[in-house]
Amino acid sequence: MPCSPSSAKLLLLRAMKISAASRMPPVKRPIAGLAMVVFASIGGTLQGYDTGTINGILQMSDWLKTFGDPVSIPQSSVTEFDITTSMESVVVSILSAGTLLGSLGGGPIADVLGRRIGIMASCLMFSLGIAIQTGSENLSTFIVGRFFAGFGVGLVSTLVPMYQSECAPKWLRGAVVSCYSFAITIGLLLASVINNGTKGRQDHSAWRIPISIQFIWASILFVGMLWLPETPRWLVKENRDIAAAKSLSRLTSLPPSNPAVKYELEDIRTTLNSENSMGESTYRDCFRANEIKTGLRTLSGICILAFQQLTGINFLFYYGTTFFAHVGIKNPFLVSIANTIVNMGMTLPGMWGSDHLGRRPLLLWGGCVMSLCAYLIAVIGAATSVADLAPQRAIIGLMCIYIAAFASTWGPVGWVIVGEIFPLNVRAKAMSLSIASHWLLNWAISFAAPYLVNSGAGNANLGVKVFFIWGSTCAAGVLFAYFFIPETRGLALEQIDLLFQHSTPITSVSYNRELIAQRENVASANLTEGVDDDEKAIATGVGSANDGLPILDTI
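Residues numbered from 1 in each chain as written. Predicted model: local features only at pLDDT ≥ 70, side-chain atom pairs only at ≥ 80, totals over all residues. Heavy atoms only, no water.

Right, let's talk about the overall build of the protein for a bit. The number of helices and strands found in the protein is 24 helices and two strands. Expressed as a percentage of its 555 residues, the buried residues of the protein come to 58%. For the protein, the exposed area adds up to about 21000 Å²; of that, 65% sits on carbon and sulfur atoms. (Helix = DSSP H or I, 4+ residues; strand = E, 2+ residues; numbered from the N terminus. Buried < 20%, exposed > 50% of the residue type's maximum accessible area, 1.4 Å probe, protein only. Areas by Shrake-Rupley, 256 points an atom, 1.4 Å probe, with all protein chains shown as cover.)

In structure tokens:
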């Protein structure tokens, strides 16, 4: 369909602004601005801790005595307590059901309330769920509490990466958004350590302490967001230009009148208006086949987080302690702690690698290593006895390599990709759909895992052979990343539209280098020179009141 004159004018101005912006040195956020953006990563601690804490609680004797049913041990007078496979599945997976709905609600909330206020609202919802769980006396109440906590986590998982992507500079965006994944690993480690410290208690404090500690993470995030700025891109979207300038000024420690601040705001505004020229965005627009490939980008975001879950990593973090005990590994709590330490430590190379090595290489090599390790775990476990110590050690070692590969590649990079590949006018909606796919698969795996692994009637009794499934899904993820995920390292969010327009995922690496090289070649241009008189005249014309695009000359 041919463009209208107004649309063509907007696209022309947009190209001019990107060209002008490329002649300027990148705006380097100082420590204060970066600290503001990184602080929001605490939301990942909520997600990681809540995921990891149930792993140990399911094995605590007082929790089983409170919520489980008595089980008679043959030829013994001792009565133990346990829950059925179906109830275990519900207790674990109900969190993911809540996160699925929360992630879907994150898009509308982000558009209406803003990214910052939305994060604060999610902290309140999360705290409600924690309060219900802590005070529960029966399993039904405990399950309801996990649902509300999950809803809060779902909101956080949509809003925090969105907030970070829209505030972080392009030269460090991968590392900043990866901080969210790193915070998840910190939460998982804290949950394992605290569970290990309280598991021996013989009263309700054994499981109430690990649960109630989550109030701390939610309170820190809520209070901190009171002082953090809203994202400049959302403020521009709401036509709050002065507030957007002040927000960007706080993030860059530059005055609002600085040319670098004005150019960045103009670039955001021009991109937004060129996207809005196609009409008001809806969820249907997320799947449009247009020149900037919005539909492909949305499907890519949905699939990347789906495959992130299909690696099987959260199987270990949800059921690791129970699984290790069932396959005969001694000290399952300590093995879980070791796994979470590896997970946290290896996320740091991933944070560095996403901005220095690129997104695609990490996804491809990480997926290959995970697939190989998963197949080896399954083969060794199926061919040896649980009483044989050497195969147990080999399995534990391979699991550590498997977790390390995930933590340094698919773990952080998945969140980076969905935070940066969507156009601004549909970003909130497309991100909510992508993260909903993450939680949908998370729910499916957490619900099905007990039936796949456990023995007994109605269960598949796969045990360690479940890793044949994870090895196959990791291999499928490698193929998906090769054909559908482009290289976005080092590009501004607005430049990613150009990447999708003029390249394919396979050719994106070379085109990415061309864009970066072009920017570096002209980086020595005078900062105050700006666009020439003709460009200013066109910009002023397009930015007149008639076209609804005011140009920010003074703040």
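Attention now goes to helix 21 (residues 467-484). Helix length check: helix 21 (18 residues) gives 25 Å between terminal C-alpha atoms against 26 Å at 1.5 Å per residue, within 8%. For helix 21, the complete set of buried residues consists of Phe467, Trp470, Gly471, Thr473, Cys474, Gly477, Val478, Phe480 and Ala481. (Expected span 1.5 Å × (residues − 1).)

At Asn239, a residue that is not glycine, the phi angle is positive and equals roughly 60°. By the element assignment, Asn239 lies in the loop between helix 11 (232-237) and helix 12 (241-252). The phi dihedral of Ser253 is positive, around 60°, even though this residue is not glycine. Looking at where Ser253 falls in the secondary structure, it is placed in the loop between helix 12 and helix 13 (259-276).

Moving on, we come to empty space enclosed by the protein. Per the stated rule, a full pass over the model turns up eight cavities of 30 Å³ or more. Approximately 190 Å³ is the volume found for the second largest cavity. Broken down by element, the lining of the second largest cavity gets its largest block of residues, four residues, from helix 8 (residues 173-198). Split by residue class, the lining of the second largest cavity holds eight nonpolar, twelve polar and no charged. (1 Å grid on protein atoms, 1.4 Å probe; cavity = no way out; pocket = protein on both sides within 12 Å on 5 of 7 lines; lining within 4 Å. Points joined across faces, edges and corners; volume = space filled by probe spheres on them. Nonpolar A, V, L, I, M, F, W, Y, C, P; charged D, E, K, R; others polar.)

Attention now goes to the confidence of the model for the protein. Across the protein, the average pLDDT comes to 81, with 83% of residues at 70 or higher. Confidence drops under pLDDT 50 across residues 1-27; counting only partners more than four residues distant or on other chains, this segment forms 56 contacts. Counted against residues more than four places away or in other chains, residues 530-555, with its pLDDT under 50, gives 43 contacts. (pLDDT = per-residue confidence, 0-100. Contact = heavy atoms within 4.5 Å.)

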